[in-house]
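What follows is each chain in one-letter form.
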Amino acid sequence: MMKPNDKNIESEIVLEFEKIRPAITRLLQSQTGNKELNINLGKSKNINTNEIIINPSILVNSVTTSKLDFKELIIGTVVHEAIHSMQDYNFEIDKDLKNYVEETTGLSNIEEVLEVLAGPFGKYVFEILIHSYEEYYFVKEFQGLSSIFEDVYKESFNQIKNLKAFNQFLSLMFHNITAYLQVDISSYNKNIQTSVIESEKLLSKFTYDSNNLEEVIELTIQIIDICRVNKLLPDLREYSLGEQREILESMDDNIVDELNKVLIPSSTNVTTGNTLEKFLGEKGKQSDDEKLNFMDDHVSKIGSSETVYLPNGKVSKLVNTNLPHTFNNLYTSGIKTYNNLLQEWNLPVHEVTNKIKPYFIHNQKRQRISGYDQGDLSPHVPLLLASGRYERMFEQKQRLSNKSYAVSLLIDGSGSMLEKKKGEVYPWSLSAALIGANYLSQICHELNVDFEVAIFNRAFLANENENEEMYLKRKMAVSSMLNTNYGSNAEFYFNTTNHYFVKRFGDSWKNQYEKFIGLIEFSRNLRSSLDALTSTDEHPPASMFERGTNVDERNIMFSTKRLLEHGSNTKLLAVLSDGMTRGTLSDLKSSIDYSSRFGIDVIGIGIGDRGTWKEYQNRTQISRPEELIHSIVNITKDILIRNVKESSGAA
Amino acid sequence: MAKQLFKDPNGKDNVSIEECVLDKKIEDFESRLERIPTVDENYVDLGTQYKLAKIIKSKKETFDNEIPIHIALKGHMGTGKDHDIEQLAAKLKFPYYRIPLSGEVRDVTLLGSVQLYGDGIGGTDSKWQDGELTRALRGPSFVNLSELNAAGPEVLFALHSLLDRHKKLELPNGEVIELRNDTFIFGTMNPTSLRDYAGTQTLNKAFADRWVIWDKPFPSKEQLEAIFKKRYPNLQNEFVQLIIKLSIEINNSFVSDDISVNIETPMSLRTIVERIPVGLDLYKNSSDPLMETWKNMVIPHVNSEDIDHYNTLWNTVVRSGPNLKPKL
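Conventions we followed
- Residues numbered from 1 in each chain as written.
- Chains lettered and ligands numbered in written order.
- Predicted model: local features only at pLDDT ≥ 70, side-chain atom pairs only at ≥ 80, totals over all residues.
- Heavy atoms only, no water.
- Helix = DSSP H or I, 4+ residues; strand = E, 2+ residues; numbered from the N terminus.
- Buried < 20%, exposed > 50% of the residue type's maximum accessible area, 1.4 Å probe, protein only.
- Contact = heavy atoms within 4.5 Å.
- Areas by Shrake-Rupley, 256 points an atom, 1.4 Å probe, with all protein chains shown as cover.
- Buried area = accessible area lost by both parts, 1.4 Å probe.
- Salt bridge = Lys/Arg side-chain N within 4 Å of Asp/Glu carboxyl O.
- Polar contact = N/O pair within 3.5 Å; in protein donor to acceptor, adjacent residues only side chain to side chain.
- Axes fitted to C-alpha atoms, helices over the stretch in contact; angles between N-to-C directions.
- Parallel < 35°, antiparallel > 145°, perpendicular 65-115°, else oblique.
- Left-handed = near helix turned anticlockwise from the far one by under 90°.
- Nonpolar A, V, L, I, M, F, W, Y, C, P; charged D, E, K, R; others polar.
- Pairing = 2+ DSSP bridges.
- Core = buried A, V, L, I, M, F, W, Y, C linked by side-chain atoms within 4.5 Å.

Colleague: Can you walk me through the overall build of chain B in this structure?
Modeller: Within chain B, the secondary structure is distributed over 12 helices and 11 strands. With 328 residues in all, chain B has 49% of them scored as buried. Of all intrachain contacts in chain B linking residues separated by at least 6 positions in sequence, the fraction that spans at least 24 positions is 70%. Counting every atom, chain B has about 15900 Å² of accessible surface; 49% of that belongs to carbon and sulfur.

Colleague: Teacher, can you tell me more about the overall build of chain A here?
Modeller: The helix and strand tally for chain A stands at 23 helices and 13 strands. When burial is assessed residue by residue, chain A has 56% of its 651 residues classed as buried. For chain A, long-range pairs separated by at least 24 residues make up 74% of all intrachain contacts whose partners lie at least 6 apart in sequence. Accessible surface for chain A amounts to roughly 28500 Å². Of this, 48% is attributable to carbon and sulfur atoms.

Colleague: It is not clear to me how the environment of B:Thr312 should be interpreted in this structure. Could you clarify?
Modeller: Tracing the chain through its elements places B:Thr312 in helix H12 (residues 307-317). On the accessibility criterion, B:Thr312 (4% relative accessible area) is buried. Residues contacting B:Thr312, with those up to four places away along its chain left out, are A:Lys19, A:Ile20, A:Ala23, A:Ile24 and A:Ile75.

Colleague: Explain the interface of chain B and chain A here, please?
Modeller: Taken together, the contact between chain B and chain A spans 20 residues of the former and 23 residues of the latter. Note on chain B versus chain A: buried area summed over both sides is about 1800 Å², and carbon and sulfur give 50% of it. Three residues, B:Thr312, B:Thr316 and B:Arg319, lead the burial of chain B against chain A; their summed loss comes to 34% of the area buried on that side. At the boundary of chain B with chain A, the tally comes to 4 salt bridges. For A:Asp151, the salt bridge identified is with B:Arg319, shortest N-O distance 2.9 Å. At the junction of chain B with chain A, the criterion picks out 12 residue pairs in polar contact (both at pLDDT 80 or more).

Colleague: Would you explain the packing of helix H7 (residues 122-139) of chain A against helix H11 (residues 213-229) of chain A in this entry?
Modeller: The relative placement of two packed helices comes down to the angle between their axes together with the axis-to-axis distance. Residues and elements named next belong to chain A. Direction vectors running N to C along H7 and H11 enclose 125°, while the axes themselves pass 9 Å from each other. With respect to H11, the axis of H7 lies oblique. Pair H7 / H11 crosses with right-handed handedness. Residue-level inspection shows Gly122, Val125, Phe126, Leu129 and Ile130 of H7 in contact with H11, the latter providing Leu213, Val216, Ile217, Leu219, Thr220, Ile223 and Ile224. Its residues assigned to classes, the contact of H7 with H11 shows 10 nonpolar, 2 polar and no charged.

Colleague: I'm lost on the pattern of salt bridges in this one. Help?
Modeller: Opposite charge on two side chains lets them pair, provided their charged atoms get close. According to the stated counting rule, one finds 36 salt bridges over all chains in the structure shown. Of the charged contacts, one joins A:Glu92 and A:Lys95 as a salt bridge, the two residues approaching to 3.4 Å between their closest N and O atoms. Given a relative accessible area of 32%, A:Glu92 falls into the partly exposed group. The exposure class assigned to A:Lys95 is exposed, which follows from its relative accessible area of 56%. Linked by salt bridges that have partners in common, A:Arg26, A:Lys140, A:Glu141, B:Lys245 and B:Glu249 make up one network.

Colleague: Can you walk me through the sheet that holds strand S11 (residues 570-577) of chain A in this structure?
Modeller: Sheets are built from strands that pair by backbone hydrogen bonding, the pairs being arranged parallel or antiparallel. Residues and elements named next belong to chain A. Taken in spatial order, the 8 strands make up an open sheet running S3-S4-S10-S9-S8-S11-S12-S13, and their pairing is mixed. One side of each edge strand has no neighbouring strand; the edge strands of this open sheet are strand S3 (306-309) and strand S13 (618-622). Averaged over all pairs of adjacent strands, the angle between strand axes in this sheet comes to 25°, irrespective of strand direction. Direction of pairing for strand S12 (residues 600-607) relative to S13: parallel, over a ladder of 5 bridges. Among the inter-strand pairings, Ile607 is bridged to a residue of S13, identified as Ile622. Against the sheet, helix H17 (residues 429-446) makes contact with strand S8 (405-412), strand S9 (450-459), S11 and S12, and its axis sits at roughly 170° relative to S8, the strand it touches most. Packed onto the sheet, helix H21 (residues 552-565) meets S3, strand S4 (315-322), S8, S9, strand S10 (496-503), S11 and S12 and runs at close to 160° relative to S11.

Colleague: Is there a simple way to think about the nonpolar core in this case?
Modeller: For soluble globular proteins, the rule of thumb is that nonpolar side chains tend to be buried together. All names here are of chain A. Ranked by size, the top nonpolar core spans 122 residues in total, and within it Phe126, Leu129, Phe166, Leu170 and Ile217 carry the most contacts. Element by element, the count of residues in this core is highest for H7, at 9 residues. Grouped together as the second largest cluster of nonpolar side chains are 77 residues, Leu440, Leu447, Phe522 and Ile635 included.

Colleague: Looking at this model, I keep getting lost on the sheet that holds strand S11 (residues 212-215) of chain B. Mind explaining?
Modeller: All names here are of chain B. Strand order in the open sheet formed by 5 strands is S4-S7-S10-S3-S11, with parallel pairing between adjacent strands. Looking at strand neighbours, the two that pair on one side only are strand S4 (96-100) and S11, the edges of this open sheet. Averaged over all neighbouring strand pairs, the angle between strand axes comes to 25°, with direction disregarded. Where S4 and strand S7 (residues 141-146) come together, 5 bridges link them in parallel fashion. Bridged to Tyr96 within S7 is Phe142. Where helix H2 (residues 48-62) meets the sheet, its contacts fall on strand S3 (71-74), S7, strand S10 (183-189) and S11, and the angle it forms with S10 comes to roughly 145°.

Colleague: Any chance you could explain the environment of A:Val256 here in plain terms?
Modeller: Residues and elements named next belong to chain A. By the element assignment, Val256 lies in helix H12 (residues 241-262). Along the chain, Val256 and Gly273 lie 17 residues apart, while their C-alpha atoms are 5.6 Å from each other. With residues up to four places along the chain from it excluded, the contact list for Val256 reads Val270, Thr271, Thr272, Gly273 and Asn483.

Colleague: Can you help me understand the environment of A:Ile255 in this one?
Modeller: All names here are of chain A. Topologically, Ile255 is positioned in helix H12. Ile255 sits in the buried class, given a relative accessible area of 0%. Considered as a pair, Ile255 and Thr271 are 16 residues apart in the sequence and their alpha carbons are 8.1 Å apart. Ignoring sequence-local partners within four residues, the contact set of Ile255 consists of Phe121, Tyr124, Phe166, Asn167, Leu170 and Val270.

Here it is, written out as structure tokens:
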């Protein structure tokens, strides 16, 4: 969340900004020859070309991540933001591209042009070139500014080595052009060195002209080739379509995240996810309002979400929603996959269901229920009258009902659950967990036991009604807007702790079953399952699992709360996951202990061999999907038997 | 008669004009001789002096002094308007009369009045005493009426007939003085805008019509480089470039019409080419002589409301000065 003192920083920034504004405005006016130019602080986008709006979050981000002098940082950041916000490029494919007419016929904007001519990563090279030259030509006129920038970039320079190879290259190319720092590339990997040296040769012959973008595009194509040859970029032809898409998406996120750390963030370019914004013109500006709305919706959803209190007093937010119903679209292929998996893993569902049913039935507890409309008059009426407990005058033994059970199944929806193990053709962790959950759900369903099933993870939240395209669009929009508006605090808002219900206690299992099976289909066949659908509109938001982690204890506490609110006597919480929590093991243990203390049987069903699950009193672990049902039957049976013993012992 | 050559600093042309030779027989020879300014060896003509020389030549030679033409230089403080006229006089060896037309100046001060004197035998005698302008007009001279737009109306009207085709100044005692062909009248004025030039006003239209008004802007980068090269040829370029950049940026702010971004304190030529070099010499042993100079020789002259602006531009343009011992 936002750091407590950030509000103060913001007001200091506003004060300082007002002091420097006249001088910087005038400086920009004379540099650009535009006397109407004006700079202001604000969060909305500039409405006319003469107005440069500086987002205070960019300044907050800058001063909170740097140890340099406050005033100088504000000057540097304001000028930096202004430099990169001043120019909107008027790029017209027909007029500005002379050498690529054939290849670019029918394309509508520069993004498509770069994609076609330089591949999916061309836009990043192109934008770094523009960013670097814009900055270089402005700053070289001002020694003071140049020395401020030198100090700022020096601070983050060491981080370049921690970046992915392509990002290291982009950062070095920026430094090569801007020349704030003397960069020694000898300590970088050989392929990065070679790429930088080869690009330097091209750059030394290149003269930047913002009116001749075709030359920048040509340079981009050549540099992208250098990166490919030197293996800084993956050769996408080696991958399937689905895999290509995954690689691209993860690299897109990664480039934005990493460049944001080593370059001064600017709200109009790649560092905040707004790649090519200055080139996409009006279209880009219109979409900003939409992006802003996406961000506002996202942030307000977090604000109105559940607050989870861990036993040690820690507080966090958790968003609960339903699993997107677009997973329904995978039902037809999913049911086949499901049956194939049962066969492949030798899982005889119905037989084992019969083995465990009796234990559930025996484990039902009877209690006396009372009330004016319940049963016969009690023999203790005088006593009860005297004590004023009139409602107890009528009572009877509770009717035997399976509603005295409540079962909650939590399934780990982190990205690792979808990873293939070494040497395997298909991933199986999530499929196994879902089938295990399905097995338990099936028993509950048949026995008319109240149960709920949820997938949990920590990632960017998917909405119930959206498809993959919408999800990705929203994800990129929220990412860029959060970076722009919240600066270094963006990460606190972007990923949320999510609890996706497949079925809530009150829902009908039958109605939710299709999307559950659809999820099994995706968990096994990943992107290929989506590619089999006729229209991309039908694609469920499969990226919701991408790079997802989990903080198990938060979701356990949320389920615990729901179980405790449920009017049942016997409560069971099963967590199916493949490993460690992103939180702390002590928090996980205290959450499990808390649930147990309130009479909930918590079972940890470990999938794979990454974790130990020792925090779970009742645990089982499978290293092969074939062991799944056997383990689940055994542990559930053990718990039920123990409960029967305890209740009969007490009686 | 010796001639002086004026070269066009922005081109290849030149113009030559005869020097003034004072007739020793004239009554106020000594007084006029004293008024010939000395040539400033460090003066650099940025173009204004050349233009003034050309107009003198044109007036004398092409139009045979038939057309009354008087040049007024308009520019902010510290742009060197008066210095241009003074150095033109110096080069051409003309007596130079700088007469400020501030609001306090009355027509009698300019033109003269009858004053009473003791006659030495117990009585008094009344005598006409020339005013400053009258005195100047009685012989060859360069008259610089500075602060034209601060002059009161009575002064303006007194000057009208001198400046137009009549070329005559009528004195209160009835005497009429004709403008000599070897007397040149110039004027200087500050621009009337939102700037704080106390006492100035928009020039009376009839009065303005009697002048050709030329703008004298703050010197450009190249002009300042030329000045530094001439005055401080040994000063390292690292210093020169930063000083020039600072002054250009600050004066750009000063002349800006946009009241939300302009300032009230310009960096005058005096600050740029005199105070700063003195400061550099004063703090030459400091690790950052330019910063010390800035703090001690520039900032104390700046209006308090302009300090943030000055400091922001300092940080943007210089931040830390060269760690060199300035050579002056």
